Amino acid sequence: MTFDTATASTQARVEAEASAPPRAPRLSPGNLLGVRARMRIALLALLALPPALALFLVEKGYVATVSRMLGLWLAVALVMVLPLARLVARFVALGEIATLNAFCAALRRGEYHRRLALPPEGSDEHEILRLMRDLNWLAHGVETRETWLKTLLDEARHRERHFADLSCTDALTGICNRRHYDEALPPLLEEAAGAGYGLWLLMIDCDRFKAVNDTYGHPAGDAVLAAMGATLRESTREGLDLPFRLGGDEFAVILTRLPAAAAHRVAERIRARFAAATPYGATASIGIARLDPKRDAPLLLPSLTARCDAALYAVKTAGGNAAGFADDRALEGEHDCVCIENKNHNHNR
């Protein structure tokens, strides 16, 4: 599925969710009575019940006179006016306002899935109930919009990673290109020099590549380059080593945290596998150099590259199809030396 198709389907799904009504929550008993009904109940309790109670007490003889009853009622009213006012206000409106405040606080915390419990919509509704319905729709819209934006953000990040991979990958060989080599190698050298772990640079050149192009044509040359890319991917450790195509038939590999003998085995593995992978007789010459912070500082990359190029040139001069170290090879228990091993010499032994 292409990016445009995925985006269109995502947008259509989100728009369908937006057109749907908010999820129906559970009803609470307080929502079954409107503000007017609660006000009627409060007025009845405050205006009708006290006189009725007074008349009942006078009728039964519990109070001698009406004037004494009215005085007692006035005293009780003065004492209870404040708590009764608070109780009536909460019963009529403040309870719903507190619910609205809690709902808005939840939305502010990002809980857009929350909904207010409301009764079925009627034709004659008070303003607070209408406000609650509007807030439910607002929460639903924000939740839908947030889901859509998160989806678009994920797709944008996926596109960014995709195009970043394209910008640093060689299309023919499937390994990193020269641009990524120029960006990745300097920080790797700085990290290796600071941490003190071993870092090796392998410069690789395809022997007789021009002859393959001239004899078999450019498709054969592309097949040779693709075979080298596959060989480098198969011969290195994912996450620790990095293969590159520098341009034409020139390649490079960065090996980390390996001793000299292991670096040489990797180079020999690359050379042998590449020779077996192509039917056109192309082989590989490999120059190997180890990062030496004392020798290479302060120009780590130019110095290391120059020494590795010199090792590759020495291999090519000696006949190619070999792996050779620069003059800084250091095996455990051995002195520094120059080592060029030619496959033809090995066959003669």
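Residues numbered from 1 in each chain as written. Predicted model: local features only at pLDDT ≥ 70, side-chain atom pairs only at ≥ 80, totals over all residues. Heavy atoms only, no water.

Draft legend 1. Region of interest: the packing of aromatic side chains. For the structure shown, the criterion picks out three aromatic pairs. A ring pair is formed by Y181 and F244, whose centres lie 5.2 Å apart and whose planes are at 80 degrees; its orientation type is edge-to-face. Here Y181, found in helix α5 (residues 178–195), pairs with F244, found in strand β2 (residues 242–247); they are 63 residues apart in sequence, far enough to count as distant. When its relative accessible area of 0% is taken as the criterion, F244 is described as buried. When the centroid spacing of 5.7 Å and the interplanar angle of 80 degrees are considered together, the rings of W200 and F325 count as edge-to-face. Residue W200 is found in strand β1 (residues 199–207), and its partner F325 is found in strand β5 (residues 322–325); the two are separated by 125 residues along the sequence. (Phe/Tyr/Trp six-rings, centres within 6.5 Å; stacked < 30°, edge-to-face > 60°. Helix = DSSP H or I, 4+ residues; strand = E, 2+ residues; numbered from the N terminus. Buried < 20%, exposed > 50% of the residue type's maximum accessible area, 1.4 Å probe, protein only.)

Draft legend 2. Summary view of helix α10 (residues 300–317). In a regular helix each residue adds 1.5 Å, so 18 residues correspond to 26 Å; α10 covers 26 Å between its end C-alpha atoms and thus fits that length. For α10, every residue scored as buried is listed here: L300, S303, L304, T305, R307, C308, A311, L312 and V315. Once α10 finishes, G319 follows within two positions and takes phi at roughly 120 degrees, a positive value. (Expected span 1.5 Å × (residues − 1).)

Draft legend 3. Layout of the confidence of the model for the chain. On average, residues of the chain score 77 in pLDDT, and 70% of them are at 70 or above. This model gives residues 328–349 a pLDDT under 50, and the stretch forms 39 contacts once residues within four places in sequence are excluded. (pLDDT = per-residue confidence, 0-100. Contact = heavy atoms within 4.5 Å.)

Draft legend 4. Up close: the environment of I97. Checked against the element boundaries, I97 lands in helix α3 (residues 66–108). A relative accessible area of 35% places I97 in the partly exposed class. Taking the C-alpha atoms as reference, I97 lies 9.7 Å from M132; in sequence the two are 35 residues apart.

Draft legend 5. Structural view of the nonpolar core. Core analysis: the largest hydrophobic core is formed by 30 residues, its most contacted members being W200, L202, I204, M228 and I270. Only β1, α6 (209–216), α7 (218–235), β3 (250–256), α8 (260–277), β4 (283–290) and β5 provide two or more residues apiece to this core. The contacts of I270, once residues within four sequence positions are left out, are L202, I204, M228, T231, L232, S235, V253 and I286. Core analysis: the next-biggest nonpolar cluster, separate from the first, contains 22 residues, L199, L246, A252 and L300 among them. (Core = buried A, V, L, I, M, F, W, Y, C linked by side-chain atoms within 4.5 Å.)

Draft legend 6. Region of interest: the pairing of β5. The side-chain alternation of β5 yields two buried faces, one formed by A322 and G324 and the other by A323 and F325. Bridge count between β4 and β5: three bridges; the pairing is parallel. Its bridge partner being in β5, I288 is matched across the sheet by F325. (Pairing = 2+ DSSP bridges.)

Draft legend 7. Layout of the pattern of salt bridges. For the structure on display, the rule yields twelve salt bridges. Note that E111 is salt-bridged to R109, the shortest N-O span being 3.3 Å. With relative accessibility at 24%, the residue E111 sits in the partly exposed group. The partner of R245 in a salt bridge is D170, and the shortest N-O contact between them spans 3.3 Å. Here the residue R245 occupies a position in strand β2, and D170 occupies one in the loop between α4 (127–167) and α5, the gap between them amounting to 75 residues. Taken individually, R245 and D170 each receive the classification buried, so the pair is uniform in this respect. Taken together, the shared-partner salt bridges connect R109, E111 and R114 into one network. (Salt bridge = Lys/Arg side-chain N within 4 Å of Asp/Glu carboxyl O.)

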